[in-house]
Amino acid sequence: MDENSGYEPLILKKDDANKKSLWVSLAKLFLRVAMWVIFTAWAAFIFLFPSDFASDLYHKWSRATDGTLFGATGSRFLLFSGPILLIAFLATVYLIISGEEETHEMRTSRNPHFRLWTFPILVDGPFGVVSAAELIGIILFTSYIIWAVSVESMKNWNIVSSLYHHLPSKERSALMLELTGLRLGLIGLFCMAFLFLPVARGSVLLRLIDIPFEHATRYHVWLGHLTMLLFTLHGLFYVIGWAMEGHLIQELMDWKNIGIAIFPGVISLLAGLLMWVTSLPGLRRINFELFFYTHQLYVVFVVFLALHVGDFLFCFAAGGIFLFMLDRFLRFWQSRKTVNVLAARSFPCGTVELVLSKPANLHYNALGWIFLQVRELSWLQWHPFSVSSSPLDGKHHLAILIKVLGAWTEKLEKRISSISEEQLETKPFLQPHTKITASIEGPYGHESPYHLTYENLILVAGGIGISPFLAILNDILHRINNSKPCLPRNVLIVWAVKTSKELPLLQTVDMKSICPFFSDALNLEIQTYVTRQTEPSLEEGHVIGPVNSSIFPASKKCGMSVLVGTGNIIWSGIYVIMSTLGLVITVYLLDILYINPYNIYYWWYKGLLFVACMTISVVLFGGLVIGLWHIWERKTSFKEECENTTKNDSIVHPKERQIHKNSGKEQYLNIVRYGQRPEFSEIFGSMAERWGNVDIGVIVCGPPTLQTSVAKECRTQNLNRRNNQSVFHFNSHSFDL
């Protein structure tokens with residue numbers, strides 16, 4: 001036998017793996033090209049719709065498809081909403097075949113270069129911090145609005161001047177206003193096609209482009225202002241025109257069966273105005289609950305919009321709305337499950353930590369978010385919190401840190417304190433009479449942990465903004481200790497706090513126990529700025545207490561539900577695809593069994609029926625998938641519990657997790673400055689000189705003023721950069737709804 005024959009199977013396996021990798025790469029390339037072509041064609045058609053060329057194409061398409069089974073409704077839905085749903089289908093396939101291949105894609109380019117998404121261009125102004133990519137999007141949308149309004153205004157002028165020149169000037173002016181209002185309403189419908197896409201938290205589209213919900217929310221805010229401005233002008237121009245003609249009240253109360261029903265539009269606009277006014281930054285900050293509750297009027301807004309314009313015009317924006325409905329229904333079912341609070345503790349600095357149970361097959365990354373409801377405090381209030389633990393801390397739990405700032409968080413802190421006192425009076429592991437019942441939506445966040453894609457990191461936190469950076473630090477240390485892929489080698493944490501009472505939060509990460517010799521692989525430096533103290537407190541350097549803590553004996557069966565859009569991509573994709581097929585089937589059955597046989601032609605009624613079909617398809621077809629998904633979750637969880645009976649994930653008792661300064665020689669540089677604020681020009685300049693010609697990832701979590709300061713310094717450093725200096729990449733991890 002040939003002595004090298006033993007190596008042939010290995011060579012064959014390697015060749016098979018290379019071929020598989022090649023086919024996967026080709027498939028992904030094909031899908032990327034297909035999705036870009038579909039999106040570009042769809043967006044270009046919407047952009048050019050006011051032109052005669054696109055208008056002629058639209059009318060030819062309508063004439064060619066109006067005689068089909070689905071008629072005008074199916075024709076418009078396929079043209080304006082179909083592309084978005086088709087991209088969602090292709091995105092599902094793309095994410096499935098990608099698997100874990102790109103999860104930890106390392107940016108190892110030797111030559112640092114700028115990136116559109118991480119280069120801040122605008123740092124002051126109504127939009128907040130705007131990257132180059134976002135600025136391009138703003139310019140494109142602004143160009144579309146200016147172009148569309150200009151072209152439609154010219155059309156209106158030609159119509160009035162050529163066909164209605166014989167009318168008195170007052171009537172011509174009123175007609176011009178009404179036609180302008182009509183065009184603005186149509187442009188608003190096209191903007192609304194994008195409006196709901198960013199707030200579908202677990203949307204496969206957001207997963208595809210790796211933009212997390214907390215970041216995409218700002219796009220919803222921008223689009224919301226634009227859409228409501230257009231709809232408000234749409235209604236205002238009609239009101240002025242009808243008032244000039246002397247029949248304002250009659251028009252407002254009109255509910256036509258054929259054509260546009262005015263009164264439902266009035267109701268829809270009023271609901272939209274209430275949402276818009278209460279979402280303005282000043283009023284939202286003063287009374288967030290008012291903003292939150294009035295925003296539930298989106299149901300009224302959408303339903304009466306469908307009644308107002310009818311089914312085939314509603315199809316212009318139906319695709320994004322349908323994806324939002326899918327996400328909302330899935331969130332509803334996930335939030336029904338009660339989640340165990342495994343441990344809780346309250347720190348003297350006014351911060352609360354909760355450790356929550358989760359199944360091992362529910363994955364998240366260190367920059368994740370969850371929405372939390374505590375039923376003993378409120379059945380209606382949901383609050384977003386950043387995860388403070390690493391997924392490598394344990395498969396069956398995650399932790400969050402909560403700053404006590406308002407009435408809800410104060411109640412939570414008091415409840416934890418009362419539970420702790422009960423346990424001290426009885427037995428530590430005896431279930432107290434007082435309890436915490438939590439419900440969770442999430443986790444959400446980036447599809448991939450982007451903090452692992454930079455070799456050099458600067459993490460800038462303000463106050464409780466340190467929470468996600470504790471998770472990052474945890475994650476990096478665990479990866480180094482477990483020899484997992486981990487690019488970061490140089491990490492600088494800049495933390496600004498008001499008083500030294502907050503300093504112990506940083507020591508909740510026991511670095512030495514996680515990775516005893518991490519300094520061999522990681523250069524870590526922490527610069528803390530205590531802004532409202534000029535000197536250390538007497539307690540500093542000692543164990544901080546008292547810490548009110550509680551532990552709850554709980555079964556892992558009461559962990560978070562895996563029914564979340566950011567969860568298993570196969571189930572998530574099946575859910576979207578089956579629900580969309582359900583919509584097609586439902587509309588088909590409605591047409592052949594009711595609309596066509598009974599000659600149903602009322603616009604408003606057909607609009608209502610179309611919304612009903614969307615709802616039924618989500619509830620019935622999507623609900624069937626959710627039920628099967630839930631069964632799969634239970635079987636998978638049971639199997640994991642059987643496999644882990646002898647090596648269960650353990651939660652450290654809070655009373656055993658003392659917070660203190662590490663004794664002995666530190667493996668990292670820890671500098672605390674009192675009575676100072678961070679000078680970012682000095683900090684960034686020194687890091688650029690020290691680290692040299694490299695990419696530096698800058699992640700900031702804190703108030704808007706901190707984000708602005710950091711973004712401004714990143715921009716300054718990049719604009720003044722020389723050939724051999726660093727490139728700073730700005731990333732924000734702040735949730736500002």
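Placed above this text is the structure.
Report follows, based on the coordinates. (Residues numbered from 1 in each chain as written. Predicted model: local features only at pLDDT ≥ 70, side-chain atom pairs only at ≥ 80, totals over all residues. Heavy atoms only, no water.)

1. Thoughts on the overall build of the protein
A tally of regular secondary structure across the protein gives 21 helices and 15 strands. Taking all 737 residues of the protein together, the buried fraction comes to 52%. Relative to all contacts within the protein whose residues are 6 or more apart in sequence, the contacts with residues 24 or more apart total 80%. For the protein, the accessible area works out to roughly 34,700 Å², and carbon and sulfur atoms hold 63% of it. (Helix = DSSP H or I, 4+ residues; strand = E, 2+ residues; numbered from the N terminus. Buried < 20%, exposed > 50% of the residue type's maximum accessible area, 1.4 Å probe, protein only. Contact = heavy atoms within 4.5 Å. Areas by Shrake-Rupley, 256 points an atom, 1.4 Å probe, with all protein chains shown as cover.)

2. Structural notes on the environment of Leu 589
Inspection of the secondary structure assignment puts Leu 589 in helix 18 (residues 569–595). Once the C-alpha coordinates of Leu 589 and Cys 613 are considered, the two residues, 24 residues apart in sequence, prove to be 9.9 Å apart.

3. A word on the nonpolar core
The biggest cluster of nonpolar side chains holds 116 residues, and the ones touching the most others in it are Met 192, Phe 314, Leu 354, Leu 356, Leu 372 and Leu 412. Discounting residues that sit within four places of it in the chain, Leu 354 has contacts with Val 341, Ala 343, Ala 344, Leu 372, Leu 398, Ala 399, Ile 400, Ile 402, Leu 412 and Ile 416. In terms of nonpolar packing, the next biggest core, distinct from the first, is built from 39 residues, Leu 452, Leu 457, Ala 461 and Ile 493 among them. (Core = buried A, V, L, I, M, F, W, Y, C linked by side-chain atoms within 4.5 Å.)

4. Quick notes on the sheet that holds strand 8 (residues 438–444)
As summarised here, the arrangement of the three strands in space is 6-5-8, forming an open sheet in which the pairing is antiparallel. With partners counted over all chains shown, the strands left at the sheet margins are strand 6 (383–386) and strand 8, one partner each. Pairs of neighbouring strands in the sheet enclose a mean axial angle of 30°, with direction left out of account. By the bridge criterion, four bridges tie strand 5 (residues 369–374) to strand 6 in an arrangement that is antiparallel. Residue pairing in the sheet places Ile 370 in a bridge with Phe 385 of strand 6. (Pairing = 2+ DSSP bridges. Axes fitted to C-alpha atoms, helices over the stretch in contact; angles between N-to-C directions.)

5. Topic: the packing of helix 20 (residues 680–691) against helix 21 (residues 704–719)
Relative orientation of the contacting elements helix 20 and helix 21 amounts to 45°, with a least axis distance of 10 Å. One finds that helix 20 runs oblique with respect to helix 21. Of the two elements, helix 20 crosses helix 21, and the hand of that crossing is right-handed. For the pair formed by helix 20 and helix 21, the contact residues are Phe 680, Ser 681, Phe 684 and Gly 685 on the first element and Leu 706, Ser 709, Val 710, Glu 713, Cys 714 and Gln 717 on the second. Residues that form the contact of helix 20 with helix 21 fall into these classes: five nonpolar, four polar and one charged. (Parallel < 35°, antiparallel > 145°, perpendicular 65-115°, else oblique. Left-handed = near helix turned anticlockwise from the far one by under 90°. Nonpolar A, V, L, I, M, F, W, Y, C, P; charged D, E, K, R; others polar.)

6. Side note on helix 9 (residues 262–278)
Given a rise of 1.5 Å per residue, 17 residues ought to cover 24 Å, and the 25 Å separating the end C-alpha atoms of helix 9 matches this to within 8%. For helix 9, the full list of buried residues reads Ile 262, Pro 264, Gly 265, Ser 268, Leu 269, Ala 271, Gly 272, Met 275 and Thr 278. Buried residues in helix 9 make contact with helix 7 (213–245), helix 8 (248–252), helix 10 (281–286), helix 11 (288–294) and helix 12 (298–309). (Expected span 1.5 Å × (residues − 1).)

7. Structural notes on the environment of Met 253
Positionally, Met 253 belongs in the loop between helix 8 and helix 9. On the accessibility criterion, Met 253 (53% relative accessible area) is exposed. Note: C-alpha distance between Met 253 and Pro 264 (11 residues apart in sequence) is 8.9 Å.

8. With respect to the sheet that holds strand 14 (residues 695–701)
Pairing in this open sheet of six strands is parallel, and the strands run 13-11-10-9-14-15 from one edge to the other. Every other strand in the sheet has two partners, leaving strand 13 (669–674) and strand 15 (727–732) as the edge strands with one partner each. Each adjacent strand pair in this sheet contributes to an overall mean axis angle of 15°, direction not counted. In this sheet, strand 10 (residues 490–497) lies alongside strand 9 (residues 456–462) in parallel orientation, the contact comprising seven bridges. Across the sheet, Val 460 pairs through a bridge with Val 494, a residue of strand 10.

9. Notes on the pairing of strand 8
Counting buried positions along strand 8 yields seven of seven residues, so the element is predominantly enclosed. Pairing analysis gives five bridges linking strand 5 to strand 8, with the strands arranged antiparallel. Looking across to strand 8, one finds that Trp 369 is bridged to Tyr 444.

10. A look at the packing of aromatic side chains
Enumeration over the complete set of coordinates arrives at 44 aromatic pairs. Ring geometry for Phe 39 versus Trp 42: centroids 6.0 Å apart, planes at 50°, classification tilted. Of this pair, Phe 39 and Trp 42 both sit in helix 1 (residues 8–48), three residues apart, which is roughly one turn of that helix. By relative accessible area, which is 33% here, Phe 39 ends up partly exposed. (Phe/Tyr/Trp six-rings, centres within 6.5 Å; stacked < 30°, edge-to-face > 60°.)

11. What about the environment of Phe 77?
Note on placement: Phe 77 falls in helix 3 (residues 71–98). Classification of Phe 77 as buried rests on a relative accessible area of 14%. Counting along the chain gives 240 residues from Phe 77 to Ala 317, while the straight-line C-alpha distance between them is 8.7 Å. Once residues lying within four places of it in the same chain are set aside, the contact partners of Phe 77 are Gly 82, Leu 85, Cys 315, Ala 318, Leu 583 and Phe 610.

12. Digging into the pairing of strand 5
Among the six residues of strand 5, six are classified as buried, and the element is accordingly described as predominantly covered. Neither face of strand 5 is left uncovered, since the one carrying Trp 369, Phe 371 and Gln 373 and the one carrying Ile 370, Leu 372 and Val 374 both have all their residues buried.

13. Topic: the packing of helix 4 (residues 132–163) against helix 5 (residues 169–195)
Close contact between helix 4 and helix 5 brings their axes to 10 Å; oriented N to C, the two are set at 150°. Comparing the axis directions of helix 4 and helix 5 gives the class roughly antiparallel. Pair helix 4 / helix 5 crosses with right-handed handedness. Along its contact with helix 4, which presents Phe 141, Tyr 144, Ile 145, Ala 148, Val 149, Glu 152, Ser 153, Lys 155, Asn 156, Trp 157, Ile 159 and Val 160, the element helix 5 presents Arg 172, Leu 175, Met 176, Leu 179, Thr 180, Arg 183, Leu 184, Ile 187, Phe 190, Cys 191 and Phe 194. Its residues assigned to classes, the contact of helix 4 with helix 5 shows 16 nonpolar, three polar and four charged.

14. Some points on helix 2 (residues 52–65)
Taking 1.5 Å per residue as the helical rise, helix 2 with its 14 residues ought to reach 20 Å, and the 20 Å between its terminal C-alpha atoms agrees with that figure. Along helix 2, the positions that sit buried rather than exposed are Ala 54, Ser 55, Tyr 58, Ser 62 and Thr 65. All buried residues of helix 2 lie within an arc of 105° about the axis, which places them on one face of the element. Across from the buried face of helix 2, at angles greater than 90 degrees, the exposed residues are Asp 52, Phe 53, Lys 60, Arg 63 and Ala 64. (Arc of directions from axis to C-beta.)

15. A look at the pattern of salt bridges
Side-chain pairs of opposite charge can arise whenever the charged atoms involved come near each other. The tally for this structure, following the rule as stated, stands at 15 salt bridges. As a salt-bridge pair, Glu 441 and Arg 201 come within 2.7 Å of each other at their nearest N and O atoms. Taken together, the residues span a long stretch of sequence, with Glu 441 in strand 8 and Arg 201 in the loop between helix 5 and helix 6 (204–209) at a distance of 240 residues. The exposure classification of Glu 441 matches that of Arg 201, with both residues buried. With a closest N to O distance of 2.9 Å, Glu 525 and Arg 690 form a salt bridge. With Glu 525 in strand 11 (residues 523–530) and Arg 690 in helix 20, the pair connects residues that are 165 residues apart, well separated along the chain. By relative accessible area, which is 8% here, Glu 525 ends up buried. Salt bridges here are not isolated pairs; linked through shared partners, they connect Arg 201, Asp 327, Arg 331 and Glu 441. (Salt bridge = Lys/Arg side-chain N within 4 Å of Asp/Glu carboxyl O.)

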